Amino acid sequence: MDFDYTPEQEQLRDAVRALGRRYGHAYFVGQAKAGKHTTELWAEAGRLGYIGVSVPTEYGGGGGGITELALVAEELAAAGCPLLLLVVSPAIAGTILARHGTDEQRKRYLPGIASGAEKAVFAITEPEAGSNFHRLTTTARRDGDGWLLTGRKCFISGVDEAQHVLVVARTEVSGKLRPALFLVPTDAPGLTRTKLEMEIVSPENQWLVYFDDVALPAGALIGGEPEAGLPALFAGLNPERITVAAMGVGTARYALDRAGSYASSRNVWGRPIGTHQGVAHPLAHAAIQVELARLMIAKAAALYDAGRDLEAGVAANLAKYASSEAATLAVDTAIQVHGGNGMTTEYGVATLLGGVRAGRIAPVSREMILNFVAQHLLGQEKSY
Ligand SMILES: Cc1cc2nc3c(=O)[nH]c(=O)nc-3n(C[C@H](O)[C@H](O)[C@H](O)COP(=O)(O)OP(=O)(O)OC[C@H]3O[C@@H](n4cnc5c(N)ncnc54)[C@H](O)[C@@H]3O)c2cc1C
């Protein structure tokens, strides 16, 4: 058993950290409040090879794994810049295309995803179906050689800044409606969107997306045949959970770092507040939870990169659960340690709250992970 990152991975971590710190949380919040995106940071991260770190080298990527992409997601978040689109574009869409795209699809889409010049977002959630993906109703029906896509999706992150959206739809396979994946241009006629107003301070927004008989060529179907849909979809879930978890612990580290500095410098009873165990112990407790989550993320990423998908699936669920609980605790504790300043704009910790809180709901809720663990690890009967 080896708990060390390689020298290359350490270098990557240091370099990403330096980039993130040049922008910082004030930049992230400033862009969000001005209704702008993190365009400059994204472009620079793309140029430096961080966005495409896990894309195969033959398509312009770094040839690393999800371990490397998780490092990038964690370090940017630890610098106060949690970039959700890292999760959807390189982690989900990049992995699905690399593993299940046709040759043509890989050549067409992966270089843009790797360089960051193009973004592909991901649309599975529907208003009526919620966590129950068996109830998806967005449907693609045959239209000559191509397809006509109809339906609606909700909470779709970043569709306004993406060139493509990877849509989970149903198609008829052997008389049954089965999930299939389509890569849809975001400017396709018939695709419209409405912004969802969210209580999250983030330059990346969520959208309702409508597909009204969107005409797609045969080449839009991932893997070239409807049957490729289910394995392709599963290929994206573990990278999604692992990178979301990495972003969560990065945010938690940022919050604890701010709280630690504040606790050792704020003096109200003749000594720094950090000398009171009532202040220091909650911070220490949160730090332990964060470190445990980081360990599980590293395990999940290592299993995934070793091609051990089933074991990686269990570990990715545990990592995502542990990270979102730890991150929520860490941010809440950091706010408490700051007292009234915790709620001010100047101290920049309450701005993290919405993001980490959403991490307990998306991309898979804590309850659905508890269901998974109860059923698959503890042998309990499915209750729903
Ligand atoms: C910030 C943000 C970004 C997102 N980005 C995207 C995106 O880019 N693309 C995308 O497709 N989706 C995205 N989502 C959607 C997200 O994946 C869903 O919100 C999530 O899967 C939960 O689905 P739901 O909101 O419909 O909740 P519901 O399924 O309605 O669940 C509501 C509550 O009931 C609980 N619950 C439901 N069923 C059970 C059960 N069987 N047992 C116990 N408890 C249960 C849930 O845990 C939850 O607490 C995003 C969401 C957020 C908040």
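Look a little higher up for the structure.
Residues numbered from 1 in each chain as written. Predicted model: local features only at pLDDT ≥ 70, side-chain atom pairs only at ≥ 80, totals over all residues. Heavy atoms only, no water.

**A closer look at the site of the ligand**
Counted only if it meets this: We define proximity as follows: a residue is near a molecule or strand when any one of its heavy atoms falls within 4 Å of that partner. Contacts described as polar in this section are N or O atom pairs within 3.5 Å, which, within protein, must combine one atom able to donate a hydrogen with one able to accept it, while residues neighboring in sequence count only if both atoms come from side chains. Every accessible area reported is derived by Shrake-Rupley at a probe size of 1.4 Å, with residue values counting cover from the shown protein chains alone. Secondary structure elements follow DSSP: runs of H or I of four or more residues count as helices, runs of E of two or more count as strands, with numbering from the N terminus.
Around the ligand, a shell composed of 19 residues is seen, among which Thr-125, Ser-131, Phe-155, Ser-365 and Glu-367 lie nearest. Within the backbone of Phe-122, an N or O atom sits 2.9 Å from a nitrogen atom of the ligand. One of the side-chain N or O atoms of Ser-157 is found 2.8 Å from a nitrogen atom in the ligand. Compared with its free state, where it exposes 970 Å², the ligand has 69% of that area covered by protein. For the shell around the ligand, the secondary-structure elements that each account for two or more residues are β1 (120-123), β3 (146-157) and α10 (366-377).

**Topic: the packing of helix α6 (residues 229-265) against helix α8 (residues 309-337)**
When two helices pack together, you describe them by how their axes are tilted relative to each other and by the distance separating the axes. Note the threshold: Only C-alpha atoms enter the line fits that serve as axes; for helices the fit covers just the stretch in contact. Angles between N-to-C directions range over 0 to 180 degrees. Small angles under 35 degrees read as roughly parallel and large ones over 145 as roughly antiparallel, with 65 to 115 read as roughly perpendicular and the rest as oblique. With the far helix as reference, a near helix turned anticlockwise by less than a right angle produces a left-handed crossing, and one turned clockwise produces a right-handed crossing.
Between α6 and α8, the least distance of the axes is 8 Å, while the angle of their chain directions is 25°. Put simply, α6 runs roughly parallel to α8. Read as a crossing pair, α6 and α8 show a hand that is left-handed.

**Overview of the pairing of strand β5 (residues 176-185)**
Under the convention used in this document: Only strands that DSSP links by at least two bridges are regarded as paired with each other.
As judged from the ten bridges shared by strand β4 (residues 164-173) and β5, these two strands associate in the antiparallel manner. Looking across to β5, one finds that His-164 is bridged to Pro-185. Counted along the chain from β4 to the antiparallel partner β5, the turn is two residues long, and its residue Ser-174 has a positive phi close to 45°.

**Here we look at helix α7 (residues 277-305)**
Going by this rule: A helix is expected to span 1.5 Å for every residue after the first. Per-residue accessibility, obtained with a 1.4 Å probe over protein chains only, is compared with the maximum for each type, and a residue is labelled buried under 20%, exposed over 50%, and partly exposed between these values. Throughout, a residue-residue contact means that at least one pair of heavy atoms, one from each residue, lies within 4.5 Å.
Between its terminal C-alpha atoms α7 stretches 41 Å, which fits the 42 Å expected from 29 residues at 1.5 Å a residue. Buried residues of α7: Val-279, Leu-283, Ala-286, Val-290, Ala-293, Arg-294, Ile-297, Ala-300, Ala-301, Leu-303 and Tyr-304, and no others. Those residues of α7 that are buried lie in contact with α1 (7-33), α3 (66-78), α4 (85-100), α6 and α8. The first or second residue beyond α7 is Gly-307, which carries a positive phi of 80°.

**Quick word on the packing of α1 against α3**
To be explicit about the condition: Nonpolar residues are Ala, Val, Leu, Ile, Met, Phe, Trp, Tyr, Cys and Pro. Charged residues are Asp, Glu, Lys and Arg, and all others, Gly as well, are polar.
For the pair α1 and α3, the least separation of the axes is 8 Å and the interaxial angle reads 30°. Taken together, the axes of α1 and α3 are roughly parallel relative to one another. Read as a crossing pair, α1 and α3 show a hand that is right-handed. Where α1 approaches α3, its residues Gln-9, Leu-12, Arg-13, Val-16, Arg-17, Leu-19 and Gly-20 are matched on the opposing element by Thr-67, Glu-68, Leu-71, Val-72, Glu-74, Glu-75 and Leu-76. Residues belonging to the contact of α1 with α3 are distributed by class as follows: six nonpolar, three polar and five charged.

**Let's talk about a nonpolar patch on the surface**
What counts here: Two distance rules govern patches: like charges are joined within 9 Å, and nonpolar side chains (Val, Leu, Ile, Met, Phe, Trp, Tyr) within 5 Å, applied only to residues with over 30% relative accessible area and no salt bridge. Only one rule defines a salt bridge in this text: a Lys or Arg side-chain nitrogen within 4 Å of an Asp or Glu carboxyl oxygen.
On the surface, Met-1, Phe-3 and Leu-295 cluster together to form a nonpolar patch covering roughly 440 Å² of accessible area. Inspection of the secondary structure assignment puts Phe-3 in the segment before α1. Using a relative accessible area of 59% as the deciding quantity, one classes Phe-3 as exposed.

**Brief notes about unusual backbone geometry**
With an omega of -5°, the peptide bond between Ala-362 and Pro-363 qualifies as cis. Note on placement: Pro-363 falls in the loop between α9 (353-358) and α10. Here the phi dihedral of Phe-155 falls at roughly 65°; this positive angle occurs in a residue that is not glycine. If you trace the backbone, Phe-155 turns up in strand β3. On the accessibility criterion, Phe-155 (46% relative accessible area) is partly exposed. You will see that Asp-213, though not glycine, has its phi angle at about 50°, which is positive. On the secondary structure map, Asp-213 appears in strand β7 (residues 206-216). Owing to a relative accessible area of 37%, Asp-213 belongs among the partly exposed residues under this scheme.

**Here we look at the environment of Thr-243**
Position of Thr-243 among the secondary structure elements: in helix α6. In this structure Thr-243 comes out as buried when scored by relative accessible area, which is 1%. Residues Thr-243 and Met-296, spaced 53 residues apart in sequence, show a C-alpha to C-alpha distance of 12 Å. What Thr-243 contacts, discounting residues up to four positions off in sequence, is Leu-69, Ala-70, Ala-73, Val-87 and Ala-91. Within the local environment of Thr-243, its side chain forms a polar contact with the backbone oxygen of Pro-239, the two atoms lying 2.7 Å apart.

**Structural notes on the nonpolar core**
Basically, it comes down to this: By nonpolar core is meant a set of buried Ala, Val, Leu, Ile, Met, Phe, Trp, Tyr and Cys residues that side-chain atoms within 4.5 Å join together.
Formed by 106 residues in total, the largest nonpolar core has its most connected members in Leu-86, Leu-149, Val-165, Phe-182, Val-184 and Ile-242. At 13 residues, the largest contribution of residues to this core is made by α6. For Leu-86, the residues in contact, after removing those within four places along its chain, are Trp-42, Ile-51, Leu-69, Val-72, Ala-73, Leu-76 and Ala-91.

**Remarks on the layout of surface pockets**
Applicable threshold: Cavities and pockets were defined on a 1 Å grid built from protein atoms only: a cavity is a group of points that admits a 1.4 Å probe but offers it no way out, a pocket is an open group of points flanked by protein on both sides within 12 Å along at least five of seven lines, and a lining residue is one with an atom within 4 Å of any such point. Grid points are joined across faces, edges and corners, and a volume is the space filled by probe spheres set on the points.
Considering only enclosed or pocket space, the second largest pocket measures out at about 660 Å³ in volume. In terms of lining residues, the second largest pocket is bounded by 24 residues, among which Asp-2, Tyr-5, Leu-295, Ala-298 and Lys-299 are the most central. Elements that contribute at least two residues to the lining of the second largest pocket include exactly α1, α3, α6 and α7. The element best represented in the lining of the second largest pocket is α7, accounting for ten residues. Across the lining of the second largest pocket, the residue classes break down as 13 nonpolar, two polar and nine charged.

**A word on the environment of Asn-205**
One can find Asn-205 in the loop between β6 (191-196) and β7. Overall, the relative accessible area of 15% leaves Asn-205 in the buried class. When the C-alpha positions of Asn-205 and Glu-225 are compared, they lie 32 Å apart, and in sequence the two are 20 residues distant. Filtering out sequence-adjacent residues up to four positions away, Asn-205 remains in contact with His-37, Ile-156, Ser-157, Gly-158, Asp-160 and Lys-195.

That is the geometry; function is a separate question.
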